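So you can see what is in the structure, the chains are spelled out below.
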Amino acid sequence: SNFSASCWSHLHPVNMFNSYNVKFHHSKALTSPYPGSHIERSQVPEDKVGWLTEWKDYNPVEYTAKSVLAGPSWADPQINDEGFSPKFNERDGEVDRKSLNGVYIVENGRPRNPVGRTGLTGRGLLGRWGPNHAADPVVTRWKRDGSGNKVAHPVSGKNILQFVAIKRRDCGEWAIPGGMVDPGEKITATLKREFEEEALNSLQKSPEEKAKLEKQLQKLFNQEHFVVYRGYVDDPRNTDNAWMETEAVNYHDETGETMDNLPLEAGDDAGVVKWVDISEKLELYASHSYFIKLVTEKQGAHWSEGPGSECHE
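Residues numbered from 1 in each chain as written. Predicted model: local features only at pLDDT ≥ 70, side-chain atom pairs only at ≥ 80, totals over all residues. Heavy atoms only, no water.

Identification of the protein chain as ADP-ribose pyrophosphatase, mitochondrial from Regulus satrapa is taken from an unreviewed UniProt entry. Among the UniProt annotations of the protein chain, the heading Function (unreviewed entry) holds the following wording: "Hydrolyzes ADP-ribose (ADPR) to AMP and ribose 5'-phosphate." If you open the UniProt record of the protein chain and go to Subunit (unreviewed entry), you find "Monomer. Interacts with GLOD4." (UniProt positions renumbered as here; feature names shortened; annotations may be inferred.)

Spelled out as structure tokens, the structure:
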């Protein structure tokens with residue numbers, strides 16, 4: 001349940017969907033075999049991804065992982081299970097079934113992926129029917145020299161920004177420390193909790209140590225922040241009936257005083273955690289490189305050595 005959008009995501013900062021954008025959004029969500037299985041998706045030609053294109057012979061494979069069917073706390077029951085009547089497109093008790101991208105269609109009792117066909121029905125590895133919400137906190141500070149002065153890049157002349165990166169255990173890629181939103185949890189709480197769990201190893205700390213960390217982080221997470229992206233994520237776990245969405249938020253420590261005293265320690269899904277200098281040479285999973293680029297633009301920090309360089313995915 002704790003896989004975030006972090007590792008497998010691929011998206012663009014376009015928060016609107018139309019029939020022209022479809023091919024642009026679905027590439028990861030069409031890959032086979034489905035993650036963690038030998039299941040091959042039904043092949044979906046590029047021109048048939050959008051639901052507006054009629055396709056009478058569309059016969060996708062049905063698959064929901066055993067780990068999901070086992071009924072863990074983070075997963076819904078099957079659609080036809082007795083006593084399960086989810087309220088799609090709204091707050092359903094503690095579970096938020098609203099999409100960040102607006103109203104989605106429900107067909108034969110099942111939510112329909114707003115971006116189009118994926119060649120697979122059911123939920124795959126995802127716990128919820130419909131949107132599965134994640135959060136990605138981008139925590140940044142300025143790079144400083146031994147005297148505490150900001151370090152500028154020799155070519156661009158712009159100050160170098162650093163962010164807290166984790167190396168994920170599941171796929172070995174460097175990423176933003178993120179994770180799934182728990183039922184009833186506010187997104188702000190998820191962002192803080194995931195950062196504590198993955199970058200500060202809070203799950204292994206004593207109550208006293210945890211309280212001390214909480215106090216230090218409170219200041220950073222309560223200040224003004226920048227929402228980098230909110231919306232659908234093109235993810236290999238997505239199906240016709242279940243998909244990933246994320247909210248990426250930048251928390252910037254301008255003076256460095258808050259983060260300098262925090263002991264970074266990998267925990268939960270993270271194998272390694274460290275401060276990383278930001279530049280276009282940074283190899284992160286595609287969407288994360290894009291999030292990081294947007295943050296450097298917002299902070300006026302160094303990104304590339306060349307003029308007008310774009311983010312390469």
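**Q** Give me the pattern of salt bridges: which residues, what numbers.
**A** By the definition in use, this model includes 20 salt bridges. For K192, the salt bridge identified is with E196, shortest N-O distance 3.4 Å. Remark: E196 and K192 occur in helix α3 (residues 187-199); sequence separation between them is four residues, near one turn of the helix. In this structure, K192 and E196 share a single accessibility class: buried. Across the salt bridge formed by K281 and E305, the nearest N and O atoms sit 2.9 Å from each other. (Salt bridge = Lys/Arg side-chain N within 4 Å of Asp/Glu carboxyl O. Helix = DSSP H or I, 4+ residues; strand = E, 2+ residues; numbered from the N terminus. Buried < 20%, exposed > 50% of the residue type's maximum accessible area, 1.4 Å probe, protein only.)

**Q** So, the layout of surface pockets: which residues are in play, and what are the values?
**A** Regions of empty space are outlined by a rolling probe, equal in size to a water molecule, passed over the atoms. In this structure, the largest pocket occupies an estimated 740 Å³ of space. Taken together, 33 residues form the lining of the largest pocket, with N132, H133, M180, V181 and D182 sitting closest to its centre. Of all the secondary-structure elements, those providing two or more residues to the lining of the largest pocket are β3 (95-96), β7 (130-142) and α3. Per element, the largest residue contribution to the lining of the largest pocket is four residues, and it comes from β7. Partitioning the lining of the largest pocket into residue classes produces 12 nonpolar, nine polar and 12 charged. (1 Å grid on protein atoms, 1.4 Å probe; cavity = no way out; pocket = protein on both sides within 12 Å on 5 of 7 lines; lining within 4 Å. Points joined across faces, edges and corners; volume = space filled by probe spheres on them. Nonpolar A, V, L, I, M, F, W, Y, C, P; charged D, E, K, R; others polar.)

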